[in-house]
Amino acid sequence: MLTGAGCSTESGIQDYRDLNGDWKRARPITWQAFMGDGADRQRYWARSLIGWRHLEQARPNDAHRALARLEARGTVELVLTQNVDGLHQAAGSTRVIDLHGRIDQVRCMRCARQTARLDLQSRLTALNPAWAQRDAAAAPDGDADLDGEAFSTLRVPDCRHCGGILKPDVVFFGEDVPAARKARALDHLAAADAVLVVGSSLMVPSGYRFVQRAAEAGKPIGAVTLGRTRADSLFAFKVAQPCAKALAFLL
């Protein structure tokens with residue numbers, strides 16, 4: 001099972017792409033920009049300070065619950081998700097690999113210590129009370145549509161332990177999926193009889209490569225997703241419906 005943003009849209013988390021697979025908004029920040037420019041980090045964390053409140057309220061929908069039910073029945077080898085929201089686990093799935101990491105964790109880029117995003121939210125709020133009072137429309141993955149602001153006034157906390165740069169423990173654009181995580185996912189793919197894509201356009205290469213690998217191995221591939229995908233020619237079938245509606249019969 002490979003899932004993407006369309007699995008979580010009915011939980012109130014926006015997706016990045018339209019039905020044609022094109023970007024709906026400006027591309028997310030890259031790893032190179034985040035690590036190389038303090039001003040870009042200030043902009044990221046200002047938007048995240050506000051956007052996190054929306055993401056924190058998200059709850060699993062029927063698509064997440066249906067996939068958890070399939071696992072309970074013993075019919076799912078693995079949920080490999082491109083999402084970073086943790087909603088599959090919140091719905092009860094236990095055989096999950098978060099291909100792109102988890103947004104509810106923060107990692108120090110110097111000492112590699114992990115801390116909870118909630119802890120960083122408290123630190124950001126304490127350092128920036130005026131920013132914390134603002135509101136903005138929710139954007140994907142805990143971002144917010146907040147521009148035209150003097151982001152240079154935002155104070156960004158460093159690692160408590162070593163003073164290093166703190167980054168969400170997710171794979172940014174321009175950053176590689178950790179090799180060990182990729183290898184684990186490929187081991188599960190080898191053990192699977194087939195692949196079902198749920199809510200993904202597969203435009204991101206890290207997800208598309210697994211579908212390619214499945215096709216090369218002769219495994220049947222199906223999809224439950226809206227709009228064009230990068231792998232349409234590889235599917236044995238495709239259900240063009242919202243994920244929660246298409247999978248609710250499993251509940």
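Up top is the structure.
Residues numbered from 1 in each chain as written. Predicted model: local features only at pLDDT ≥ 70, side-chain atom pairs only at ≥ 80, totals over all residues. Heavy atoms only, no water.

Enquirer: Looking at this structure, how should I read the sheet that holds strand β11 (residues 237–239)?
Expert: What links the strands of a sheet is backbone hydrogen bonding, and the strands pair in either a parallel or an antiparallel sense. One open sheet holds the six strands; their spatial order is β3-β2-β1-β9-β10-β11, and the pairing between them is parallel. Strands with a single pairing partner mark the edges of an open sheet, and in this sheet they are β3 (96–98) and β11. Where strand β10 (residues 221–224) meets β11, three bridges bridge the pair, whose relative direction is parallel. Along β11, the bridge assignment pairs G222 with F237. Where helix α7 (residues 179–191) meets the sheet, its contacts fall on β2 (79–81), β3 and β9 (195–198), and the angle it forms with β3 comes to roughly 145 degrees. Along the sheet, helix α8 (residues 205–216) contacts β1 (2–3), β2, β9 and β10; its crossing angle with β10, the most-contacted strand, is approximately 140 degrees. (Pairing = 2+ DSSP bridges. Helix = DSSP H or I, 4+ residues; strand = E, 2+ residues; numbered from the N terminus. Contact = heavy atoms within 4.5 Å. Axes fitted to C-alpha atoms, helices over the stretch in contact; angles between N-to-C directions.)

Enquirer: What is the right way to look at the pairing of β9 in this model?
Expert: Along any regular strand, the residues point their side chains to alternate faces of the sheet. Because side chains alternate across β9, one face comprises the buried residues V195 and V197, and the other comprises L196 and V198, equally buried. Pairing geometry for β1 and β9, over two bridges, is parallel. For L2, the partnering residue across the bridge sits in β9 and is V197. Where β9 and β10 come together, four bridges link them in parallel fashion. Bridge assignment links V198 to a residue of β10, and that residue is V224. (Buried < 20%, exposed > 50% of the residue type's maximum accessible area, 1.4 Å probe, protein only.)

Enquirer: Hey, could you run me through empty space enclosed by the protein in this one?
Expert: Taking a probe equal in size to a water molecule and rolling it over the atoms shows the remaining empty space. Per the stated rule, a full pass over the model turns up one cavity of 30 Å³ or more. Estimated volume of the largest cavity: approximately 80 Å³. Surrounding the largest cavity, R113, T115, D119, L120, R123, C159, R160, H161 and L166 form its lining. Top contributing element to the lining of the largest cavity by residue count: helix α5 (residues 117–127), with three residues. Taken together, the residues of the lining of the largest cavity break down into three nonpolar, two polar and four charged. (1 Å grid on protein atoms, 1.4 Å probe; cavity = no way out; pocket = protein on both sides within 12 Å on 5 of 7 lines; lining within 4 Å. Points joined across faces, edges and corners; volume = space filled by probe spheres on them. Nonpolar A, V, L, I, M, F, W, Y, C, P; charged D, E, K, R; others polar.)

Enquirer: Any chance you could explain the packing of helix α2 (residues 38–56) against α5 here in plain terms?
Expert: Where α2 contacts α5, the two axes come as close as 11 Å, and the packing angle between them is 130 degrees. Taken together, α2 and α5 sit at an angle that is classed as oblique. Here α2 runs over α5; the crossing is left-handed. In this structure, α2 contributes W45, S48, L49, W52, R53 and E56 to the contact, and α5 contributes R117, L118, L120, Q121, L124 and T125. Residue composition of the contact of α2 with α5, by class: six nonpolar, three polar and three charged. (Parallel < 35°, antiparallel > 145°, perpendicular 65-115°, else oblique. Left-handed = near helix turned anticlockwise from the far one by under 90°.)

Enquirer: Could you clarify how one ought to interpret the side chain of R17 in this entry?
Expert: Inspection of the secondary structure assignment puts R17 in the loop between β1 and α1 (31–36). Buried charge without a partner: R17 forms no salt bridge, and the closest opposite charge is D22, 5.9 Å away. Within polar-contact distance, the side chain of R17 engages the backbone oxygen of G21 at 2.9 Å. Excluding residues within four positions of it along the chain, R17 makes contact with D22, W23, K24, S201, M203 and V204. (Lys, Arg positive; Asp, Glu negative; His and termini not counted. Salt bridge = Lys/Arg side-chain N within 4 Å of Asp/Glu carboxyl O. Polar contact = N/O pair within 3.5 Å; in protein donor to acceptor, adjacent residues only side chain to side chain.)

Enquirer: Hey, could you run me through the pairing of strand β8 (residues 166–170) in this one?
Expert: Here β8 lies mainly inside the structure; five of its five residues are buried. When strand β4 (residues 101–108) meets β8, the two strands line up antiparallel, connected through four bridges. The residue of β8 that forms the bridge with C108 is L166.

Enquirer: I tried to follow the packing of aromatic side chains on my own but got confused; where do I start?
Expert: Each pair of aromatic rings is reported with the distance of its centres and the angle of its planes. Going through the model one piece at a time under the given rule, you end up with eight aromatic pairs. An aromatic cluster is built from F34, Y44, W45 and F172, whose rings are joined through pairwise contacts. Its guanidinium or amino end placed over the ring of W23, R17 lies 4.0 Å from that ring's centre, counting from NZ or CZ. Here K167 stacks its cationic end above the ring of F172, 4.4 Å away from the centre of that ring. (Phe/Tyr/Trp six-rings, centres within 6.5 Å; stacked < 30°, edge-to-face > 60°. Lys NZ or Arg CZ within 6 Å of the ring centre and 35° of its normal.)

Enquirer: I keep staring at the nonpolar core and nothing clicks. Help me out?
Expert: What tends to happen in soluble globular proteins is that the nonpolar side chains get buried as a cluster. If you look at the biggest cluster of nonpolar residues, it comprises 27 residues, and the most contacted ones within it are W45, I103 and W131. Where this core is concerned, the elements lending two or more residues are α2, β4, α5 and β8. At seven residues, α2 tops the list of elements feeding residues into this core. Apart from the residues lying within four places of it in its own chain, the contact partners of W45 are F34, R117, L120, L124, L154, V156, L166, K167 and P168. In this structure, V177, A185, L189 and V195 belong to the second largest nonpolar core, which totals 20 residues. (Core = buried A, V, L, I, M, F, W, Y, C linked by side-chain atoms within 4.5 Å.)

Enquirer: Sorry if this is basic, but what is going on with the environment of V156 here?
Expert: Mapped onto the secondary structure, V156 falls in the loop between β7 (143–144) and β8. Residue class for V156 comes out partly exposed when judged on its relative accessible area of 28%. Here the alpha-carbon distance between V156 and L55, two residues 101 residues apart in the chain, equals 20 Å. If we ignore the near neighbours within four places in the chain, the residues touching V156 are Q42 and W45.

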